[in-house]
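What follows is each chain in one-letter form.
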Amino acid sequence: MATIRLTDLSYATPDGRPLFSSLDLVLGTERVGLVGRNGVGKSTLLQLIAGERTPLAGHVGVIGTVSFLKQAAQLDPRETIADLFGVSTALAALRRATAGMATADELIDIDWTLEERLAAALGRVGLQIDADTPLAQLSGGQATRARLAAAIFPEPDFLLLDEPTNNLDRSGREAVIDLVAGWRSGAVLVSHDRELLEHVDAVVELTSLGATRYGGGWSAYRARKATELAAAQHDLAHAERQLAEAGRKAQLAAERKDRRDAAGARKGARGDLPRILAGGRKSNAEASRGSGVRLADRQRAQALEATAEAQARVEVLQKLAITLPPTGLPASRQVVRLENVTAGYLAAAPVIRDLCFAMTGPERVGLVGPNGAGKSTLLKLISGALAPCAGRVFVVPDRAMLDQRVDLLDPAATIFDNFKRLNPGAGENACRSALASFQFRARAALQLAGTLSGGQSLRAGLACVLGGARPPSLLLLDEPTNHLDIDSIEAIEAGLLAYDGALLVVSHDGHFLNNIGITRRLNLAAAPHT
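What counts, and at which threshold
Residues numbered from 1 in each chain as written. Predicted model: local features only at pLDDT ≥ 70, side-chain atom pairs only at ≥ 80, totals over all residues. Heavy atoms only, no water. 1 Å grid on protein atoms, 1.4 Å probe; cavity = no way out; pocket = protein on both sides within 12 Å on 5 of 7 lines; lining within 4 Å. Points joined across faces, edges and corners; volume = space filled by probe spheres on them. Nonpolar A, V, L, I, M, F, W, Y, C, P; charged D, E, K, R; others polar. Helix = DSSP H or I, 4+ residues; strand = E, 2+ residues; numbered from the N terminus. Buried < 20%, exposed > 50% of the residue type's maximum accessible area, 1.4 Å probe, protein only. Pairing = 2+ DSSP bridges. Axes fitted to C-alpha atoms, helices over the stretch in contact; angles between N-to-C directions. Contact = heavy atoms within 4.5 Å. UniProt positions renumbered as here; feature names shortened; annotations may be inferred. Left-handed = near helix turned anticlockwise from the far one by under 90°.

A. Region of the structure containing empty space enclosed by the protein. Under the defined criterion, the tally for this structure stands at 3 cavities of 30 Å³ or more. For the largest cavity, the calculated volume is near 60 Å³. What lines the largest cavity is simply Asp403, Gln404, Val406, Gly454, Leu458, Asp478, Glu479, Pro480, His483 and Leu484. Of the residues that constitute the lining of the largest cavity, the class distribution is 4 nonpolar, 3 polar and 3 charged. When its volume is computed, the second largest cavity comes out at roughly 40 Å³. What lines the second largest cavity is Leu25, Leu27, Val32, Leu34, Leu45, Leu46, Ile49, Val188 and Val204. When contributions to the lining of the second largest cavity are tallied by element, the ones reaching two or more residues are strand E2 (18–27), strand E3 (31–35) and helix H1 (42–49). The greatest single-element share of the lining of the second largest cavity, amounting to 3 residues, is contributed by H1. For the lining of the second largest cavity, the class distribution of residues is 9 nonpolar, no polar and no charged.

B. Main features of the pairing of strand E1 (residues 3–12). Of all the 10 residues making up E1, 7 are buried; the element is thus mostly covered by neighbouring parts of the structure. Of the pairings in the sheet, the one linking E1 to strand E4 (residues 57–63) comprises 6 bridges and is antiparallel in character. From the neighbouring strand, arginine 5 faces E4, where its bridge partner is glycine 61. In this structure, E1 lies alongside E2, joined through 6 bridges in antiparallel fashion. Looking at the pairing, isoleucine 4 lines up with leucine 27 of E2. The turn linking E1 back onto E2 is made up of 5 residues, and glycine 16 within it adopts a positive phi angle of 95°.

C. The sheet that holds E2, seen in detail. Read from one edge of the open sheet, 3 strands run E2-E1-E4, paired in antiparallel fashion. The two strands at the open ends of the sheet, each matched to only one other strand, are E2 and E4. On average, each strand axis in the sheet is tilted by 15° relative to the strand beside it, whichever way the strands run. Lying over the sheet, H1 contacts E1, E2 and E4, oriented at roughly 125° with respect to E1.

D. Structural detail: the environment of alanine 250. Structurally, the position occupied by alanine 250 is in helix H9 (residues 218–270). For the pair formed by alanine 250 and arginine 170, sequence separation is 80 residues and the distance between their alpha carbons is 63 Å.

E. Examining the UniProt feature "domain: ABC transporter" (unreviewed entry) in the protein more closely. As recorded in UniProt, the sites labelled "domain: ABC transporter" (unreviewed entry) are residues 4–234 and 336–525. For residues 336–525, helix accounts for 31% and strand for 24%, while the C-alpha atoms at its two ends are 20 Å apart.

F. Broad picture of the packing of helix H12 (residues 415–422) against helix H13 (residues 428–437). Packing of H12 against H13 brings their axes to within 10 Å, and their N-to-C directions diverge by 115°. Both H12 and H13 take part in a crossing whose hand is right-handed. The segment H12 lies against H13, with Ile415, Phe416, Phe419 and Lys420 engaging Glu428, Cys431, Arg432, Ala434 and Leu435. Across the contact of H12 with H13, the residue classes tally to 6 nonpolar, no polar and 3 charged.

So this is what it looks like as structure tokens:
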């Protein structure tokens, strides 16, 4: 039976930072969602299973075949779909056989079902293209789907998927979701796509402490986590009561000792007892009273330790909450107005034609549509990074744009220094507090921006833009959830809900758009023109 078995597995980054140690996990022919915070080692674990990395210690045992869809892998534009599938030679032989030109030796190994199986694999991910199609002709979303089709083509026992819905439009995401929902072999997928994770058989949460399995899909996992949080909060309340009681007992013990010490001193001063007898009684009393105080101190120390452990559990399970200062944007103020705008990177082939669009007050608009419809182009127009070929663009000056590369961050500066540069009036404490609310506490705020993962970069960018004394009136976001772990997505959802400015977001994540209160969607594939 096909099985993945990880035994006492340990791994560290090249700079010596441990990712996980003594990890044990067994996976069968089931669909498993692998979740955890950015940087915890999810992609690395897939690479270890695929044999692309060697563990520091422990063993990776795989019984069965594996196909691995990496995140954002580069394709050779000179190749074709057949090259991507690794069947160019076999396909050429089949075509020679069909034309009656194959040799006797070739006919022995001809796969007469090859073209049908190729078309079926492409069809499962929603692609209707020929095997001779050059990869250079594919859009980014089509390339991701083609790589997924190539991964499922050999019908592996285990399919390893690293963020398979990143950069896909709605139809592409639905194709991946349908594929996973109907997959009957083993699959391990790293994903922040909550809709996709509803279709797995189990969720494995990876932390620095190990891996924990939860049966069912995303909703079942979150329900279990909510139960764990409630239990942790109950334990914390109990520990805090025990700590208060231990403190009260310690105080009473100390007060009793002080009273007895004072009474003994007075009796000794009167000289009622012989010196030898008085000295013996004093020693016995001090030993008795000292043991009582030591017992109370031990109980208080134990209560403190239990409280700290309970608090740590709550902090791990508790969702992050972000509080933002107000923008002061009036409800009647127009923040964006486009009048008959035509734009693109080539004047002869504009992506956007004669577009009219406006946003007023703290409106929340989601930009949707298929890949290539011009969503990112429109954001660049509004941000001022791209000039229109025709028409007029009006935008409020206090705006901020976060693209997928988070270009506003200086990669050679720390997160803290970037925040200071972008918020020059903020003091030390304000900087620290704003960064901490986005998970950059203490030494984490001193990381160089150029060393951050994609998810960490976006969080740092949001912290720098939204954490100042007065956030911008208009915030533009281009696919903000692409590289974030789910905890970070939920934290940013909470932050954006607290943001009272205007919001224009490009995203294919329907859950995210709903959770940040999007009130209107502009579909550029069917945008209103005049």
